[in-house]
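Letter by letter, the chains look like this.
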Amino acid sequence: MNLTLYVWRQKNAHDKGKMVTYKAQDISPEMSFLEMLDTVNEKLMQNHEEPIAFDHDCREGICGACSLVVNGVPHGPEKATTICQLHMRKFKDGDAIWIEPWRAKAFPVIKDLVTDRSAFDRIIAAGGFTSVRTGGVPDAHAILIPRPDAEKAMDFAACIGCGACVASCKNGSAMLFVAAKISQLAHLPQGQPERKQRALSMVAQMDKEGFGGCTNLYECEAACPKQISVAGIALMNRDYLCANLTVVEENSIG
Amino acid sequence: MTLDSKIPSGSLTEKWDKHRFDMKLINPANKRKYSVIVVGTGLAGGSAAASLAELGYQVDAFCYNDSPRRAHSIAAQGGINAAKNYPNDGDSIYRLFYDTIKGGDFRAREANVYRLAQVSNNIIDQCVAQGVPFAREYGGYLDNRSFGGAQVSRTFYARGQTGQQLLLGAYSALMRQVGLGTVKMHARTEMLDLVVIDGHARGIITRDLVTGKIQSWAADAVILATGGYSNVWYLSTNAIACNVTAAYRAYKKGAAFANPCYTQIHPTCIPLSGDHQSKLTLMSESLRNDGRIWVPKKKGDTRLPNEIPEEGRDYYLERKYPSFGNLSPRDISSRSAKEVCDEGRGVGPTGFGVYLDFAESIQRLGKKVIEERYGNLFEMYERITDENPYKVPMRIYPALHYTMGGTWVDYNLMSTIPGLHVLGEANFSDHGANRLGASALMQGLADGYFVIPYTIGNYFATAKQPKVTTDHPEFKKVETEVIDRTKKLLSLKGKRTVANIHKELGKVMWEFCGMARNEAGLKKALSIIPELRDEFWKNAIVVGQGEELNIALERAGRVADFLEFAELLCFDALHRNESCGGHFRVEHQYPDGEAKRDDENYAYVAAWEFTGVGNEPVLHKEPLVFESIHLQTRSYK
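It should be emphasised that the depicted structure is a prediction, and the values quoted were computed from it without experimental measurement. (Residues numbered from 1 in each chain as written. Chains lettered and ligands numbered in written order. Predicted model: local features only at pLDDT ≥ 70, side-chain atom pairs only at ≥ 80, totals over all residues. Heavy atoms only, no water.)

Novice: Lay out the overall build of chain A with the relevant residues and their values.
Specialist: The secondary structure content of chain A amounts to eight helices and seven strands. For chain A, the spread of C-alpha atoms along the three principal axes comes to 60 × 40 × 35 Å. Counting contacts in chain A only where the partners sit at least 6 residues apart, residues at least 24 apart contribute 71% of the total. Counting only carbon and sulfur atoms, one obtains 51% of the accessible surface of chain A, whose full area is about 10,200 Å². For chain A, the separation between the mean place of its 27 positive charges and that of its 30 negative charges on side chains is 3 Å. (Helix = DSSP H or I, 4+ residues; strand = E, 2+ residues; numbered from the N terminus. Contact = heavy atoms within 4.5 Å. Areas by Shrake-Rupley, 256 points an atom, 1.4 Å probe, with all protein chains shown as cover. Lys, Arg positive; Asp, Glu negative; His and termini not counted. Charge placed at Lys NZ, Arg CZ, Asp CG, Glu CD.)

What follows is the structure, given as structure tokens:
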């Protein structure tokens, strides 16, 4: 199939950037979306032109590196699929495809389709952990976890930190990402000792990074390639409210 | 160069405990005077950086990805082994040790492997404490499953994304230290060379992948946790950016590289669908718990799989290896798959595929149970192939997956360059010639959480090196070398893209240094590789500038290193005139097609010393002495 691509090109963080049109020719339906972009890049480089820069690594939907908005939807049209897992059989000959980076104030563009998502790492550093040193922990079986809790924790732990939730939200909110980590640990006994402080610290960092607030649009859940549930946001809001109301000692988390 | 494995004396089961007492310690108040560089933030690097920072050392951690959580450890699916024996089915530390040594075809260092089995239980405890959401049974206890090469259920898992969850545990511990200010994290920063002063590793040179800035970093010790080199074959299950650059630079500076020819081809990956393909996707070995592998009995049987009755099917692993059946170790399963496809009985559009069939399990256990166990893997398969594994058998084929070879390290995980420690897949130590499933995760975390935090203190206390800063002339010298090489890469304005050349290298390696190797083929590879390398430096295209994000330049540097490293790999394969584990030389096999080891002449670690690009490296042998295990033919029948 032959396709027309409209791709965001931006030379660096200070460049204004613009959409540039490319032709993708002889694309096999078996190709993945990123392999299609590789094909376009190969042709560009053969003409000694700069290839389109985009983040990617595992190409199997687990590392969270790939981050493209395709035809207005983060990770493209397929539900619960990262853009690296999308295959070209979902498109047809003659289609036009718009390709943009994640758009959010807290994710500045570095170049072309590559954005800076280090805000996510800083949020995790603020409280997305249990404060435990290596060694000196009890036997794994000393902590019993009811199976439903373990399954729920796993559902939330499946977050790959890609940022599609932020990219899909009109407010540029990171609530689903933060809620995923908070909810994972909230469902586990190991997460209980620091549960309140975790909510306060992670939300504080999230706000500091410049993400927007949540107005219950649920675009995040729809765009999430791992199908993280907005129920996590409800849990996080409860934890945050409870933490604010309860007196918490002046101990920094960690 | 002398190889001193520094294996402690005493009985096998006491060596590590004895060593921990004998090793020198650094006083808690003095630890903050020592700095460590950690390159790579996967399971081994992340856990090491976190643990060392907790102890009080100053840590600078580096990764080329945009976040430490993106390391390729994240993609491991099936599980992590430990000798807990929770299922009460006969496991023990000794059995895990034995299965690993046997699985490695008796080519691993006994003492290291025993220690690995010993700390395996501590790893599970640590991960649970971090909140890693392992699968649980109804009583609230951890669930276990079986993996290849074992007759006990010793694998702990978190659905089909155990690697992701373990890495996130280590990443959380790392980020806690970053938040506390004890680790400085440098993401999007790639190590391009090692700095050695007075024979000790004292720092690295990096390139900032956003600004292009070349920078020096000094420390009292350097740790490489930079993963494996499967991408030499271009197509592998590795992430696209995985590379051998850090370990190869260390090799060029004097860190012996061991057993590069021990490479693992995983039996269950999604088959190649076309020339455009950029990687091969792994289907977890855990699927082999419930899937049955088969091909048609008759050559050229093109019926749809569901139309072929039982009598027409050859469940060849069950037939050839009755005791292990579909859970035979990876090297054996991969070669068997290749065998049946070479006979013309392969399935799928290319004829290079075998079936992994869940029909019988779905009927026996119900679809819901299969969905719970493998749901996300089945979805992944369907996305890529557009086929539904609940209705038709999966098609799979072997693919490059893991590299047992790596930088040579002693019992303290230190290379032949004092101060340079290497952890995880990047080192050679624990898996011998073949790695068992669910043990890579175990080794990465063992090295990072429970070995290096002890052994690095001993290095500091005994090495007594003076402090250096990046003002030392050696840093400037190596920086200049890196800058010159970068300029040289950027000056390449030929006619072939780097990916195109990389693809050709991959084809040469798959053809002549893949699952079945022979002398003529390896010699052919050794004549083609230098020519391809020349072609690269004359005719490659590298567009763009250095002082910016430049994906073409990044890739070019990695492929340039592959084009040198591949030669070392083939050379090692050629010199090892036996078959063992993942290294199969067709000239050395039993009549039934099994690997034929030559313990009399080859029971050693081949540690290679660099003598110049294109020159034959010098072989140093570390004899493998087995005090506890009796060498035997490795049979899974």
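Novice: I'd like to hear about the overall build of chain B, residue by residue, with values.
Specialist: Counting its secondary structure elements, chain B contains 16 helices and 21 strands. Taking 637 residues into account, the globule formula puts the C-alpha radius of gyration at 26 Å, and chain B, at 24 Å, falls close to it. Across its three principal axes, chain B shows a C-alpha extent of roughly 75 × 60 × 50 Å. Within the span of chain B, comprising 637 residues, buried residues form 68% of the whole. A sequence separation of at least 24 residues applies to 74% of the contacts in chain B between residues at least 6 apart. If you sum the accessible surface of chain B, you get close to 20,900 Å²; carbon and sulfur atoms cover 50% of it. With 77 positive and 74 negative side-chain charges, chain B shows a separation of 2 Å between the mean positions of the two kinds. (Rg over C-alpha atoms; globule rule 2.2 N^0.38 Å. Buried < 20%, exposed > 50% of the residue type's maximum accessible area, 1.4 Å probe, protein only.)

Novice: Before we move on, can you summarise the pairing of strand S8 (residues 214–218) of chain B with the specific residues and values?
Specialist: Residues and elements named next belong to chain B. Bridging between strand S7 (residues 200–208) and S8 involves five bridges; their strand directions are antiparallel. Along S8, the bridge assignment pairs Ile204 with Trp217. Here S7 folds back onto S8 in antiparallel fashion, the turn holding five residues, of which Gly212 has a positive phi close to 80 degrees. (Pairing = 2+ DSSP bridges.)

Novice: Outline the nonpolar core, listing residues and values.
Specialist: Of all hydrophobic cores here, the largest spans 148 residues; its most connected members are A:Phe211, B:Ile80, B:Phe134, B:Leu194 and B:Leu420. If you tally residues by element for this core, the top one is helix H11 (residues 440–463) of chain B, at 13 residues. Once residues lying within four places of it in the same chain are set aside, the contact partners of B:Phe134 are A:Ala150, B:Ile80, B:Ile124, B:Cys127, B:Val128, B:Leu142, B:Phe156, B:Tyr157, B:Ala158, B:Thr162 and B:Leu166. Residues B:Cys341, B:Tyr374, B:Tyr381 and B:Val542 belong to the second largest nonpolar core, which totals 82 residues. (Core = buried A, V, L, I, M, F, W, Y, C linked by side-chain atoms within 4.5 Å.)

Novice: Tell me about helix H2 (residues 118–127) of chain A, and name the residues and values.
Specialist: Counted residue by residue, H2(A) has nine buried out of 10 residues, so it is predominantly covered. Within H2(A), burial applies to A:Ser118, A:Ala119, A:Phe120, A:Asp121, A:Ile123, A:Ile124, A:Ala125, A:Ala126 and A:Gly127. Looking at the packing, one finds that the buried side of H2(A) touches helix H4 (164–168), helix H5 (175–186) and helix H6 (195–208) of chain A together with helix H5 (162–180) of chain B.

Novice: Break down the interface of chain B and chain A for me, citing the residues and quoting the values.
Specialist: At the interface, 78 residues of chain B touch 75 residues of chain A. For the salt bridge of B:Arg159 with A:Asp155, the shortest nitrogen-to-oxygen distance reads 2.8 Å. Remark: the boundary between chain B and chain A carries 50 residue pairs in polar contact (both at pLDDT 80 or more). When residues of the side of chain B that touches chain A are traced back to their parent elements, those giving at least two are helix H2 (43–55), helix H4 (110–130), H5, helix H10 (367–385), H11, helix H13 (498–512) and helix H15 (551–575) of chain B. Looking at the side of chain B that touches chain A residue by residue, the class counts come to 34 nonpolar, 26 polar and 18 charged. (Salt bridge = Lys/Arg side-chain N within 4 Å of Asp/Glu carboxyl O. Polar contact = N/O pair within 3.5 Å; in protein donor to acceptor, adjacent residues only side chain to side chain. Nonpolar A, V, L, I, M, F, W, Y, C, P; charged D, E, K, R; others polar.)

Novice: Describe the pattern of salt bridges, naming the residues involved and giving the relevant values.
Specialist: Residues and elements named next belong to chain B. Scanning all chains against the criterion turns up 70 salt bridges over all chains. Put simply, Asp17 and Arg20 hold a salt bridge, and the shortest N to O gap is 2.8 Å. Of the two residues, Asp17 and Arg20 both sit in helix H1 (residues 15–22), three residues apart, roughly one turn of that helix. Of the residues examined, Asp17 reaches a relative accessible area of 37% and is grouped as partly exposed. Notably, a salt bridge pairs Arg533 with Glu567, separated by 2.5 Å at the nearest N-O pair. Note that Arg533 is positioned in helix H14 (residues 519–539) and Glu567 in helix H15, a separation of 34 residues in sequence. If you follow the salt bridges from partner to partner, you end up with Asp105, Arg107, Arg576, Glu578, Arg597 and Asp599 in one network.

Novice: I'd like a rundown of the packing of H5(A) against helix H8 (residues 231–245) of chain A, residues and numbers included.
Specialist: All names here are of chain A. Close contact between H5 and H8 brings their axes to 8 Å; oriented N to C, the two are set at 75 degrees. For the element pair H5 / H8, the angle class is roughly perpendicular. Across the interface between the two elements, Met175, Leu176, Val178, Ala179, Ile182, Ser183 and Ala186 of H5 pack against Gly232, Ile233, Leu235, Met236, Asn237 and Asp239 of H8. Partitioned by chemical class, the residues of the contact of H5 with H8 number nine nonpolar, three polar and one charged. (Axes fitted to C-alpha atoms, helices over the stretch in contact; angles between N-to-C directions. Parallel < 35°, antiparallel > 145°, perpendicular 65-115°, else oblique.)

Novice: Would you mind going over the sheet that holds strand S6 (residues 189–197) of chain B in detail, with residue names and values included?
Specialist: All names here are of chain B. Strand order across the open sheet formed by three strands is S6-S7-S8, with antiparallel pairing between neighbours. In the strand order of this sheet, the two ends are held by S6 and S8, each with one partner. The mean inter-strand angle of the sheet, taken between neighbouring strand axes irrespective of direction, is 25 degrees.

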